[in-house]
Amino acid sequence: MKITCDREKLLAAFQTVNAVVPARSPKPILECVKLDVADDRATLMATDLEVGIRLDLGDLEVEQPGQVLLPAARLGAVLRELSDETVQIAASESSTELRGERSRFEFPSADPHEYPEVAPFAEEAYHEVPARLLRELIRRTVFATDPESTRYALGGVLLEMDESTIVAVATDGRRLAKMEGPAQSVGGHATGDQATIVPAKAMQLIERSISDSDAEIRLSVGPNHLHVANPRLTIYSRLVEGRFPKWRDVFPVREDAVRIAVPVGPLLSCVRQAAIVTTNDSRGVDFNFTNGKLILRSQSSERGSSEIELPIAYEDRDISVMLDPRYVIDFLRALDPEQTFTLEVENSEAAAVFSTDDGYAYVIMPLAREAASAR
Amino acid sequence: MATIQKLPPEVVNKIAAGEVIERPASVVKELVENALDAGATRIEVSVEKGGAESIRVTDNGCGIAAEQLPLAVAPHATSKICNADDLFRIATLGFRGEALASIAAVSHLCLTSRPAEADEGATLRVEAGRIGEVVPCGTPPGTTVEVRNLFVNTPVRRKFLRTTQTEMGHVAEAVVRLALAHPDVHFTLNHGRRRVHELPAGETWLARIGRLFGRELADGLISVESCDEQVRLFGYVAPPNHSRGNQRMQFLLLNGRFIRDRSLQHALSEAYRGLLMHGRYPIAFLRLDMPPELVDVNVHPTKLEVRFQDGGRIYSQVLGTLRTRFLSTDLTVPLDAARAQTPPHVGSSHPASREAGSEVDDRRRELAEWAQREMGRSHPHGATGSEPVGPIRAAAVSDSVEEQRDHRESPSADEPLALRRLGRNWSAEEARAQEERRARDEALFSFTPRDATAPGSPLAANAPAEGMPPTNDAHLFGLGNRSTVEPSQGGPDMAAADSSLARPRAIQVHNRYLVAESEEGVLVIDQHALHERVLYEQLREKVLARAVEAQALLVPEPVDLTPLEAAALLEQRELLAQLGLRVEPFGGDTVLLTSFPAMLANLKADDVLRSLAGQLVEGQRKPERRDLLDELLHMMACKAAIKAGDRLTPEEVAALVEQRHLVRDSHHCPHGRPTALVFTRDELDRQFKRT
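Conventions adopted
Residues numbered from 1 in each chain as written. Chains lettered and ligands numbered in written order. Predicted model: local features only at pLDDT ≥ 70, side-chain atom pairs only at ≥ 80, totals over all residues. Heavy atoms only, no water. Helix = DSSP H or I, 4+ residues; strand = E, 2+ residues; numbered from the N terminus. Buried < 20%, exposed > 50% of the residue type's maximum accessible area, 1.4 Å probe, protein only. Contact = heavy atoms within 4.5 Å. Areas by Shrake-Rupley, 256 points an atom, 1.4 Å probe, with all protein chains shown as cover. Polar contact = N/O pair within 3.5 Å; in protein donor to acceptor, adjacent residues only side chain to side chain. Pairing = 2+ DSSP bridges. Axes fitted to C-alpha atoms, helices over the stretch in contact; angles between N-to-C directions. Phe/Tyr/Trp six-rings, centres within 6.5 Å; stacked < 30°, edge-to-face > 60°. Expected span 1.5 Å × (residues − 1). Left-handed = near helix turned anticlockwise from the far one by under 90°. Nonpolar A, V, L, I, M, F, W, Y, C, P; charged D, E, K, R; others polar. Salt bridge = Lys/Arg side-chain N within 4 Å of Asp/Glu carboxyl O.

A. Highlighting the overall build of chain B. A tally of helices and strands in chain B yields 27 helices and 22 strands. Put simply, chain B has 691 residues, and 52% of those count as buried. Within chain B, residue pairs in contact and separated by at least 24 positions form 69% of the contacts whose partners lie at least 6 positions apart. A total of about 32400 Å² of accessible surface is found on chain B, and carbon and sulfur atoms cover 52% of it.

B. Here's a closer look at helix α9 (residues 262–271) of chain B. Taken together, the buried positions of α9 of chain B are L264, Q265, A267, L268, E270 and A271 of chain B. N-capping of α9 of chain B is provided by D261 of chain B, with a side-chain oxygen placed 3.1 Å from the backbone N of S263 of chain B.

C. Up close: the sheet that holds strand β24 (residues 340–345) of chain A. Residues and elements named next belong to chain A. Read across the sheet, eight strands follow the order β15-β11-β12-β13-β26-β25-β24-β19 without closing on themselves; strand pairing throughout is antiparallel. Looking at the sheet topology across the chains shown, the edges are occupied by β15 (196–199) and β19 (258–263). Averaged over all pairs of adjacent strands, the angle between strand axes in this sheet comes to 20 degrees, irrespective of strand direction. In this structure, strand β11 (residues 156–161) lies alongside β15, joined through four bridges in antiparallel fashion. By the bridge assignment, L159 is partnered in β15 with T196. Strands in contact with helix α4 (residues 200–209) are β11 and β15; relative to β15, the strand with the most contacts, it is inclined by about 75 degrees. Where helix α6 (residues 264–275) meets the sheet, its contacts fall on β19 and β24, and the angle it forms with β19 comes to roughly 90 degrees.

D. Up close: the packing of aromatic side chains. One pass over the full model with this rule turns up 18 aromatic pairs over all chains. Consider the rings of F105 of chain A and F107 of chain A, whose centres lie 6.4 Å apart with planes at 10 degrees: the pair is stacked. Residue class for F107 of chain A comes out buried when judged on its relative accessible area of 7%. Both rings, one in F251 of chain B and one in F285 of chain B, keep their centres 5.6 Å apart while their planes meet at 0 degrees; by these two values the pair is stacked. Linking F251 of chain B in strand β11 (residues 250–254) with F285 of chain B in strand β13 (residues 284–289), this pair joins segments that are 34 residues apart in sequence.

E. Structural context of helix α6 (residues 164–181) of chain B. Over its 18 residues, α6 of chain B extends 26 Å from the first C-alpha to the last, a length consistent with the 26 Å expected when each residue adds 1.5 Å. With 14 of its 18 residues buried, α6 of chain B lies for the most part within the structure.

F. Inspection of unusual backbone geometry at higher detail. All names here are of chain B. One non-glycine residue, K49, lies in positive phi territory at about 50 degrees. Topologically, K49 is positioned in the loop between β1 (42–48) and β2 (54–59). The phi angle at N511 is positive, at roughly 50 degrees, despite the residue not being glycine. Mapping N511 onto the fold places it in the loop between β16 (506–509) and β17 (513–518).

G. Inspection of the packing of helix α1 (residues 7–18) of chain A against helix α2 (residues 72–81) of chain A at higher detail. All names here are of chain A. At a minimum axis distance of 10 Å, the contact between α1 and α2 shows a crossing angle of 145 degrees. At the point where α1 passes α2, the crossing takes the left-handed sense. The segment α1 lies against α2, with R7, L10, L11, F14, Q15 and N18 engaging A72, L75, G76, L79 and R80. Of the residues that constitute the contact of α1 with α2, the class distribution is six nonpolar, three polar and two charged.

H. Representation of the sheet that holds strand β5 (residues 130–137) of chain B. Residues and elements named next belong to chain B. The mixed open sheet is built from eight strands, whose spatial order is β5-β4-β3-β6-β2-β1-β7-β8. Either end of the sheet is taken by a strand with one partner, and the two such strands are β5 and β8 (194–199). The average undirected angle you get between the axes of adjacent strands in this sheet is 10 degrees. Packing of α6 onto the sheet brings it into contact with β1, β7 (186–191) and β8, and relative to β7 it is tilted by some 180 degrees. Of the strands in this sheet, β7 and β8 are in contact with helix α7 (residues 205–213), which crosses β8 at around 165 degrees.

I. Spotlight on the pairing of β13 of chain B. All names here are of chain B. Where burial is concerned, most of β13 is hidden: five out of the six residues are buried. As judged from the six bridges shared by strand β10 (residues 232–237) and β13, these two strands associate in the antiparallel manner. Bridge pairing in β13 links L233 to L288. Relative to β13, β11 runs parallel, the two being bridged by five bridges. When the bridges of β13 are listed, L252 appears paired with L286.

J. Structural detail: the side chain of R248 of chain B. Residues and elements named next belong to chain B. Within the fold, R248 resides in the loop between β10 and β11. For R248, a relative accessible area of 10% puts it in the buried group. Those residues in contact with R248, other than ones at most four positions away along the chain, are E173, R260, L564, E565, G614, V617 and E618.

K. Just the pattern of salt bridges, in detail. Applying the stated criterion across every chain yields a total of 43 salt bridges over all chains. For the salt bridge of E344 of chain A with R259 of chain A, the shortest nitrogen-to-oxygen distance reads 3.2 Å. Here E344 of chain A is found in strand β24, whereas its partner R259 of chain A is found in strand β19, with 85 residues between them in sequence. The class for E344 of chain A is buried, based on a relative accessible area of 11%. By relative accessible area, R259 of chain A is classed as partly exposed at 48%. A salt bridge links R148 of chain B to E146 of chain B; the shortest N-O distance between them is 3.4 Å. Residue R148 of chain B is classed as partly exposed on the basis of its relative accessible area of 38%. One salt-bridge network, in which partners are shared between bridges, spans R132, R135, E136, R139, R140, E207, D212 and D358 of chain A.

In structure tokens, the structure reads:
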């Protein structure tokens, strides 16, 4: 195998697939990436057996097709350090050579046929989702996952796809993020009753690997895997096995809650301020809604107290609810600061629901301060 | 003067009942054991109000002939043994001939029975010891014993009954123990109208364990088996990722009888040593089958304790079997399973995910190493298995030190150095090493100001560190291993520290212990225990005065417990709510957790709940908010504290040792181990024969 290619392009491609490569693996072969060169195209592949990625390299000069395994960590370092415009990679039986203009590297290489196969996307039933929406779907939910949970499989994002919509849900049992949007089913593809839970790591990889300018992304769910593809990229991920809570049952639907329009940026700033004096074991911030304003109060014995006011359009009964500011910040950071969202509160014991008009909803369970006097 | 008289039989029976019948659960145990001894294949236990109101045990066993009914409720009447020799080969669960008589003496008992071959059955009522008439009646083959108004004539004992929930917990526990020992028997347990357990006959043992304790646990169990000439050990143990804060999940079945045996429990803990955190106990279901003559069960009326003829051999067999099994299983299977459940961490490049992975690797490696090491040792049994601490070990250390000394330098250690150098014609290098070693010795082992000059000398600071080869004992303890003091640290730093004894100085040995000096001697501190204590004090100060924040759960967490634990938790719901833990009954032995203290976010809810439940079950009196809060704080502190095996920077060591007064004063480690050992200067002087 012998090719010549643009160094920066190769580096960019390399960094994308590198996210999958384990730094240290019981199977050393997984610390490599595989480069598969055909006559007219070249594909870079990496997998840790949980998640796999195939990335098309685009234009390059192929002198001789073939396959080669490249040591991910070293190759990355070389590509970053070189300043040449192009590099040449040539593989022989036992080693791989990389040449720059004034430099030459030789790496021992393993048998590329021993590398686990990363399946190409060949499914005929799939969903088509706009790249931008898919990224948003992931960005707005993945932070709410909980890799520690053992009772439920909360370490991933639940995907539900029917004829025309896709829903992503993640929760850690204390808050829940849900985002939905339009998606086109092709070939009768649907998730049905199967719990499709995609590991957070795979979701982040998908989010990072595609860009808003990409075309429609295809998603196809198998019995225990998810396949995601666009013309230049394929990502394969095993699904998380386990049960996901019945989120529709816990999502609050209520009549007499109060809905308030709140701007994202100003609230984020206020919550951050209020969070300054909270500590790990005294983390609650009181959200007091009163005529015309929202007052945030927090205090802890060792860091002092804070009180922050935010004028809002609110004319109703006084409501107070204590929330964990980190959960609120997670939500606000997933939004554009210029945006406005709807905050739904009922009383100090009921969940607070944050929602936007583009299909995003977020539930936070309140904190309660148990009476210390009852000792 | 009081006259001596023979007690009337009612009184004798009441006394006997006092030994055997402690609470409704004891009645259930005795009756179900009778049913099992009668060869029943279906046993139904129905209980009202936790057994205080009524207990009914129905079986399909061999039954009792009508004319024998009065004999059945007479004291010391039994069909199970005939003569005293039988006592030493008991194959039945009961044999004392006391249970029915004892129960009948303190309750309203109704015994109905029909042998399979008889045409009709008969029934006999006994009201608080007064035996009625045998009346013929229609009944299916088998025996039904109904006990109402337990402790009707012993009001004191009746007063001691706890709440319905607690008593029912004990009843369920009794049934669970028996059902576990007899998977071939169909068991049903009803409380009021509620069916607590329905266990079909003929399941595998594993299936029954799963039915009683949850599939999650059963699926992960590791089977163990071994046979020597007479003793067969068979059963399941849980991988280290499942453990409990007490020993109640250790089921030892000896010839089908549930027993508690300290020595075997110790063998279990020993087998898991290094695999479980301090204060955690393994889960095990073990059957021991051996000829009845090898064990004496006639030790205690409730037969919970037995005496083995050769306890040491059985101890070794349990320990050896488990170790061999652990060595041959790489515990990767359960570990991987655990990892598969917890899907990959967010972001592969995130250090946390690497750590999690390496932690698993480390544990695996540690396990293999540990097993190898332990296998190499002989297996001591009983109390000798625990490490000797204090002066004994210290003596061992000093012996080895002295041997070395005698070997290398026969003249008195007080002789001037120069003389020896000339007289013995040592090479300069050797002498330098020698001097350096002496300097080290003094820096470590004596604390008089005159020593301050020795380690500060350039010679000592530059000399290559040549610690003496530590003997095994010394190595274990860390005292003899002087090469731990690195030159950079041991030289000028030490000298500087010397100038003010007030500032504590310490070194870390084996990434586990801190060795520090105090006015009276050398302090060896368990680093984990010290840090735990420090954190605990900090947390307590912050939390005790204030309210605890509770995070409501969007998805309530069901937690499977033992019947006793569930009952104990539900009984203390209000108290738990004050701590931010809201629990609700969720059917069976499962409770639903709907809110959790926000400060415990890093702990696993089910672990926390189980530990608290253990505390509640164990505690005799009504727990206080403070006690439970203390327990929570201990758990937090324990989780957050540095572990044995963490390497600390010198700054960290110094910071930690600054707070050592906390361990020195009143520390008791929550798990009952010592946390700091003191070797007084006098003691050391004596050991080195300096006095």
